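Summary of the model geometry
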Amino acid sequence: MDKEHNRYIVAMILLGAATAPLSVMSKEPSQLVEQLCSSCHSLNNIEHSAGYSKAHWQTLMSYMIDTSANSQLTEELSAYLANNYPVNAKRESKVVSGDIKLQFKYWQVPTLGQRARDPVQGENGIIWWVGQWGNILGRLNPKTGDMKEYTLPSGTYAHSVSLDKNQTPWFLGNKNGTVGYLDLATEQFKVYKMPDKKARDPHTGVFDDAGTFWFTLQHSNMIGKLNPKSGDIKLVTLPTADSRPYGIKLDSNGTPWVSCNGSNCLIKVDKSSMKLTEIKLPGANTHTRRLAITPDDMVFYVNSGLGKLGRYNPKTAKITQWDNPSGEDSHPYAIEYADNAIWFNESAKRPETLVRFDLATETMQSWQIPSKEGVYSGLIRHMRMGNNGLIIHQTATNQLAEITWSK
């Protein structure tokens, strides 16, 4: 049975439809959990969770799919999960106290199960996101809470969204090798296909001041740039096989820097010739999901393989690394510069933590990241500074959030 059919059955059961197969409805809770939950994600997500009370399992389920029409099934499944997966400390994070206090503001996206991710806020205040599994591009007005979702061209399954200088949202077609944008006047999509069939998976992008769109292609092991005026796309392949270029940021000169998720390297891209310079990082198990660049052009990266925060000084080539609060298996993932600090998350810990690295004192403070209603779940894969604070997402709970802070 394929995933699309499984999702249909999930919808029928949880919405209480009379057409739900009797063979499914008559199954034990353990069998239903195995079938229903695995239709959208690995059962390892349950095994590796922090565990929850019955009430919190019900809340978490409601973030993934609407269960309100079948209270009996919701009751049975949440009771089973609470009994077999209670609160535990198997992947407990370490919290470092400090003076900074955080405030969270949440928004639940309309379509559940879409794996909302990679939100970005424009100067006009509008927040855009993509729902990769739902093939959705979403728009949020944080002042009113109004949301609108657009169905992307078939097969797109966008991994990220970026804004050009006109506040136009551009998406990266991770499954069909495309880059495109939504014309805000006509609400129609314009799509550009990769010129090389080997360029399969556009991943993360960023616009420079000249309007050029730079982007990574992780499993294709490429970096690309698109000229929106002509539609011309140029691609280059990384020097080391399976480097898996992932995050991309620009320094103050508009030079693209890329992190390697499959190898211990950073990549500097010549913005004129696209010549690549590979910087080797210490540790054979080092790999870097994403990076952030400070105003003085220090390149910070998350060492996801070794649980460290790293800094590369392009002027001196010096590399410095600091241990994460929760250790080498914490898998730091997203990272951003804001307010004279580097912010990143420890994605492998439960509850997941947000860490602030103060650049002046080189000290860290961390917080467990809640979802709505006191449930600690979700996964931040990208964070970017917005107009007032950090704009994040939680793929497991299909939520967007703004994080602000005070002393």
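First, a word on scope: everything that follows refers to the structure included in this document. Note on numbering: residues in each chain are counted from 1, in written sequence order. Local features in this predicted model are restricted to residues whose pLDDT is 70 or higher, and side-chain atom pairs enter the listing and the counts only when it is 80 or higher, whereas totals over whole chains, interfaces and linings include all residues. Note that water and hydrogens are dropped before the side-chain values are worked out from all heavy atoms of the structure.

Remarks on the overall build of the protein chain
Strands here are runs of E lasting at least two residues and helices are runs of H or I lasting at least four, both read from the DSSP assignment and numbered beginning at the N terminus. Helix and strand content of the protein chain: six helices and 28 strands. Across its three principal directions, the C-alpha atoms of the protein chain cover 65 × 50 × 45 Å. Accessibility here uses a 1.4 Å probe with only protein chains present; expressed as a share of the type maximum, an area under 20% marks a residue as buried, one over 50% as exposed, and anything in between as partly exposed. Within the protein chain, the proportion of its 407 residues that are buried is 55%. In the protein chain, the share of contacts with a sequence separation of at least 24, taken over all contacts with a separation of at least 6, comes to 48%. Residue burial considers only the protein chains on display, and all accessible areas are found by Shrake-Rupley using a 1.4 Å probe. A total accessible area of about 17,600 Å² is found for the protein chain, and carbon and sulfur atoms account for 47% of it. Across the protein chain, the mean location of the 43 positive side-chain charges is 4 Å away from that of the 39 negative side-chain charges. The contact rule is simple, with two residues in contact once any of their heavy atoms fall within 4.5 Å. Here the positive residues are Lys and Arg and the negative ones are Asp and Glu; neither His nor the chain ends is included. Lysine's charge is taken at NZ, arginine's at CZ, aspartate's at CG and glutamate's at CD.

Digging into the pairing of strand E28 (residues 399–406)
For E28, the tally of buried residues reaches six of eight residues, placing the bulk of the element in the interior. One requirement defines pairing of two strands: DSSP has to find at least two bridges between them. For strand E27 (residues 390–394) and E28, the ladder comprises five bridges, and the chain directions are antiparallel. Note that in E28 the partner of Gln394 across the bridge is Gln399. The antiparallel hairpin formed by E27 and E28 contains four residues in its connecting segment, where Asn398 sits at a positive phi of about 55 degrees.

So, the pairing of strand E24 (residues 353–358)
Along E24, six of the six residues are buried, which leaves the element largely enclosed by surrounding structure. Side chains Thr353, Val355 and Phe357 of E24 all project onto a buried face; the interleaved residues Leu354, Arg356 and Asp358 project onto the opposite face, where all are buried too. With six bridges connecting them, strand E23 (residues 341–346) and E24 associate as antiparallel partners. Residue pairing in the sheet places Asn345 in a bridge with Leu354 of E24. Connecting the antiparallel pair E23 and E24 is a turn made up of six residues. Count of turn residues in the E24/strand E25 (residues 363–368) antiparallel hairpin: four residues, of which Glu362 carries a positive phi of about 55 degrees.

Section: the sheet that holds strand E19 (residues 299–303)
Here we have four strands laid out as an open sheet, ordered E18-E19-E20-E21, and antiparallel in their pairing. Whereas interior strands pair on both sides, the edge strands pair on one side only; in this sheet they are strand E18 (288–293) and strand E21 (319–323). Averaged over all pairs of adjacent strands, the angle between their axes in this sheet comes to 20 degrees, without regard to strand direction. Here E18 pairs with E19 via four bridges, running antiparallel. In the strand pairing of E19, Ile293 is matched with Val299. Only the stretch in contact is used when fitting a helix axis, every axis being a line fitted to C-alpha atoms; angles between N-to-C directions are given from 0 to 180 degrees.

A look at the pattern of salt bridges
Salt bridges are counted wherever a side-chain nitrogen of Lys or Arg sits within 4 Å of a carboxyl oxygen of Asp or Glu. The full count for this structure, using the stated rule, is ten salt bridges. Between Asp358 and Arg356 there is a salt bridge, with its nearest N and O atoms 3.1 Å apart. With respect to burial, Asp358 and Arg356 carry one shared label: buried. One continuous salt-bridge network, built from bridges that share partners, spans Arg117, Asp118 and Arg290.

Details of the sheet that holds strand E10 (residues 202–207)
Hydrogen bonds between backbone groups are what pair the strands of a sheet, and the pairing can be parallel or antiparallel. Read across the sheet, four strands follow the order E10-E11-E12-E13 without closing on themselves; strand pairing throughout is antiparallel. Each edge of the open sheet is held by one strand with a lone partner, namely E10 and strand E13 (232–237). Neighbour-to-neighbour, the strand axes of the sheet open up by a mean angle of 20 degrees, direction not taken into account. Bridge analysis of strand E11 (residues 213–217) against strand E12 (residues 222–227) gives five bridges, and the strand direction is antiparallel. Bridged to Trp214 within E12 is Lys225.

Brief notes about the state of the cysteines
A disulfide bridge is the covalent bond that connects two cysteines by way of their sulfur atoms. Disulfides are defined in this document as cysteine sulfur pairs within 2.5 Å. For the structure shown, the criterion picks out one disulfide. Each sulfur in the disulfide pair Cys260 and Cys265 lies 2.3 Å from the other. Taking the sign of the torsion about the S-S bond as the criterion, the disulfide between Cys260 and Cys265, at about -100 degrees, is left-handed. Like Cys265, Cys260 is buried.

Description of the packing of aromatic side chains
Side-chain rings of Phe, Tyr and Trp (the six-membered ring for Trp) are treated as a pair once their centres are within 6.5 Å; stacked means planes under 30 degrees apart, edge-to-face means over 60, and tilted covers the remaining angles. Scanning all chains against the criterion turns up 17 aromatic pairs. With a centroid separation of 6.3 Å and 15 degrees between ring planes, the pair formed by Phe300 and Trp322 is classed as stacked. Linking Phe300 in strand E19 with Trp322 in strand E21, this pair joins segments that are 22 residues apart in sequence. On the basis of relative accessibility, which here comes to 14%, the residue Trp322 falls in the buried class. Measuring from centroid to centroid gives 6.3 Å for Phe300 and Phe357, while their planes differ by 50 degrees, and the two rings are tilted. With a gap of 57 residues between them, Phe300 in strand E19 and Phe357 in strand E24 connect regions that are remote in the sequence. Overall, Phe300 belongs to the buried group, its relative accessible area being 2%. An aromatic cluster of at least three residues, connected via ring pairs, comprises Trp170, Tyr181, Tyr192, Phe207, Phe213 and Phe215. A ring is considered to have a charge above it if a Lys NZ or an Arg CZ atom is located within 6 Å of its centre and within 35 degrees of its normal. Cation over ring: Arg115 sits above Trp133, and NZ or CZ is 4.2 Å from the ring centre. The side chain of Lys190 reaches across the aromatic face of Tyr192, ending 5.4 Å from its centre.

These figures come from the coordinates and say nothing about function on their own.
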